[in-house]
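# A structural walkthrough
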Amino acid sequence: MKQAIKFAFSPAQKRQIAAVAAGAGMLAASSMASAAATPIDITDVLSVLAAAVITVTSVCAAGLSIVVVVKVFKYVRSAF
């Protein structure tokens, strides 16, 4: 049987926890605001991804063509 863990904080501890949580929230909000102000250059990443898409497409096309050639060969062989 599982028992729930109960935390008993005094009113002074609750005020301290609330103050720490509020400070952490303000710190996170200020860091997010400063991060949004600096743009990140992602053109290099996008060019690498575009090259990867071309490579993956050509490999997949080659694999699919091999499957098609094998199926056609089996079909033609069974016809005669």
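Residues numbered from 1 in each chain as written. Predicted model: local features only at pLDDT ≥ 70, side-chain atom pairs only at ≥ 80, totals over all residues. Heavy atoms only, no water.

## Focus on the overall build of the chain
The secondary structure content of the chain amounts to two helices and zero strands. Of the accessible surface of the chain, which amounts to about 7500 Å², a share of 74% is contributed by carbon and sulfur atoms. (Helix = DSSP H or I, 4+ residues; strand = E, 2+ residues; numbered from the N terminus. Areas by Shrake-Rupley, 256 points an atom, 1.4 Å probe, with all protein chains shown as cover.)

## Concerning a nonpolar patch on the surface
On the surface, L64, V67, V68, V72, Y75, V76 and F80 cluster together to form a nonpolar patch covering roughly 790 Å² of accessible area. You can see V68 is positioned in helix α2 (residues 43–79). Among the residues examined, V68 registers a relative accessible area of 45% and is labelled partly exposed. (Patch = residues over 30% accessible without salt bridge, like charges linked within 9 Å, V, L, I, M, F, W, Y side chains within 5 Å. Salt bridge = Lys/Arg side-chain N within 4 Å of Asp/Glu carboxyl O. Buried < 20%, exposed > 50% of the residue type's maximum accessible area, 1.4 Å probe, protein only.)

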